[in-house]
Every structure is written in structure tokens, then in C-alpha cells.
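One-letter residues, chain by chain:
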Amino acid sequence: MTDDKALTRPVTRSRRSLLAGAGAVGAAVVLAGCGSDDDAPGEAPTSGGPPGATATGDAGGGDRAGSNSVARTSDIPVGGGAVFASQGVVITQPEAGQFKAFDPICTHQRCPVSNVDGGTINCTCHNSRFSITDGSVKGGPATKPLAAKNITVDGDQIRLA
């Protein structure tokens, strides 16, 4: 036979058990932000960070001369660049008329890079910075360069090759 009072009695928790649970959750969150460059490709980022990029999408308002055109040469400032997250590329112009392209995913923990500013491609998840010339690491925690991507420039159109 069961005790009806036992079935309807509210569960009480001590302050100590609640604080211990909250501490465990906090520790898990902190540890999730730590990791190495050796995380497997394709894994989701382990920390947030601002997802927005300063120059993303179709900077020219959709007026492209081909469906695979990513940007116009005039969209890419000399000594800078732009992140085109939806096309999966960062395009830079280290010197006038010289265009480079890189993977927009940081090699540290696979966060998307956020912007191109101050001569570097920047990931604001953990503050890694990469060269606009060759994708090499200019500031860590990343230790591996961004992968180069092939592009072609035809007139004023930049396309993924």
C-alpha cells in the first residue's frame, strides 16, 4: 500500500545543492570556451562572439553580372577587405588591383571571422587576427593560417573560381 501523503509532498532542495548545481553549470560554460586548434573541421563553434561582419552579403544591392559573382572590385577597399559570409569567403585587396580570398572560418575554434579592419581579418570570438595578404596568423590564439580560396577578377566582377 502506498502513502498518499508521500506522493503529494513537495520536493525540497537545500540552498547548498542549488548552489553546487549552478557552480557546475558555470564551470561547464567556462571550460567550453577553452580548446585547441585541433578541433575537428565542421564542428560548431564552442563559443559565441558577435556573428555580424562589417561587410557581408551583397554590398552592391544585387546588381551582379553573373550568378556566381561575389563582389565588385569597388566593394573591396585597398588595404582592407570584406566578409561575404553567405558566399563563404573573405575577399581582401592588400594593394591596389591585387585581390585575395580566404575561408571565413577561424582556425582556432571554427568561429566565423567578423570583419576586416586595420589590415587584418578579425575573429572576435577569441581575438585572432589574420593577414589580409596571405591569411597568416598576426595575433592568436589561432596558430594556423586561414585557408586561401581561388577567385577570378573579370572586369569589375570578383567570382569564386
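Data block above holds the structure.
Residues numbered from 1 in each chain as written. Predicted model: local features only at pLDDT ≥ 70, side-chain atom pairs only at ≥ 80, totals over all residues. Heavy atoms only, no water.

**Student:** Account for the sheet that holds strand S6 (residues 120-123), with residues named and values stated.
**Tutor:** A sheet is described by the order of its strands in space; here four strands give the open sequence S5-S6-S7-S8, paired in antiparallel fashion. Of all strands in the sheet, those bounded by a partner on one side alone are strand S5 (115-117) and strand S8 (137-139). With strand direction ignored, the average angle separating the axes of adjacent strands in the sheet is 35°. Across three bridges, the pairing between S5 and S6 is antiparallel. By the bridge assignment for S6, Asp117 is matched with Thr120. (Pairing = 2+ DSSP bridges. Helix = DSSP H or I, 4+ residues; strand = E, 2+ residues; numbered from the N terminus. Axes fitted to C-alpha atoms, helices over the stretch in contact; angles between N-to-C directions.)

**Student:** Just give me the short version of the pattern of salt bridges, but keep the residues and values in it.
**Tutor:** Side chains that carry opposite charge are capable of pairing whenever their charged atoms lie near each other. For the structure on display, the rule yields one salt bridge. Salt-bridge contacts for Arg159 lead to Asp154; the nearest nitrogen and oxygen are separated by 3.7 Å. Note on Arg159: relative accessible area 14%, which makes it buried. (Salt bridge = Lys/Arg side-chain N within 4 Å of Asp/Glu carboxyl O. Buried < 20%, exposed > 50% of the residue type's maximum accessible area, 1.4 Å probe, protein only.)

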